[in-house]
Amino acid sequence: MTDIDKIDRKILRELSRDARQTNVKLAERVGLSASACLRRVQELERSGVITGYRAVIDRSKLGAGFIVYVTVGLSSHTKDSLEAFERAISQSPDVVEFHTITGAIEYLLRVEVADIKAYKTFHTDVLGVLPHVSSITSHIVMDSPKNERP
């Protein structure tokens, strides 16, 4: 594990807010010279703390603003059934992230589609045809008062 000090944490916080800001602006915001700031950012990248940069896309502008968190339980917990489920879900463009979780269910999916009708199609034609799916629970997002997801 890399030692992260208070200044590194400021750098990470600022970059997570705006990774496109110039190094000079970042240095001003964290109280360093531009060269010292650049060295720290490069070290955070080299050490793997910063793993990359990406565009944050407002999927609602692309017609996919209906967000549903879906919990999925499987009837079989073999390695083959878990891998088959993960392969199938990985191929769906409507699933923007999914996680294996502990508890009574195996997976938590974040699904982003145009509307409830599109979600019903996903529910029926994607999840509904997968072997070993034993339970599906949908949680429709009404609002996101705090969302720091990159």
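Residues numbered from 1 in each chain as written. Predicted model: local features only at pLDDT ≥ 70, side-chain atom pairs only at ≥ 80, totals over all residues. Heavy atoms only, no water.

Per an unreviewed UniProt entry, the protein chain goes by Leucine-responsive regulatory protein and derives from Pseudomonas vanderleydeniana.

(A) Region of the structure containing the packing of aromatic side chains. What the rule picks out here adds up to three aromatic pairs. On the numbers, 4.5 Å between centres and 35° between planes, the contact of Phe85 with Tyr107 is tilted. Taken together, the positions of Phe85 in helix α4 (residues 79-90) and Tyr107 in strand β3 (residues 107-113) put the pair 22 residues apart, joining distant regions of the chain. Look at Phe85 and you get buried, because its relative accessible area is 3%. Overall, the relative accessible area of 1% leaves Tyr107 in the buried class. When the ring of Phe98 is compared with that of Tyr107, the centres are 6.2 Å apart and the planes differ by 55°; the resulting orientation is tilted. Phe98 gets classed as partly exposed once you look at its relative accessible area, which sits at 24%. By way of ring pairs, the aromatic residues Phe85, Phe98 and Tyr107 are connected into one cluster. (Phe/Tyr/Trp six-rings, centres within 6.5 Å; stacked < 30°, edge-to-face > 60°. Helix = DSSP H or I, 4+ residues; strand = E, 2+ residues; numbered from the N terminus. Buried < 20%, exposed > 50% of the residue type's maximum accessible area, 1.4 Å probe, protein only.)

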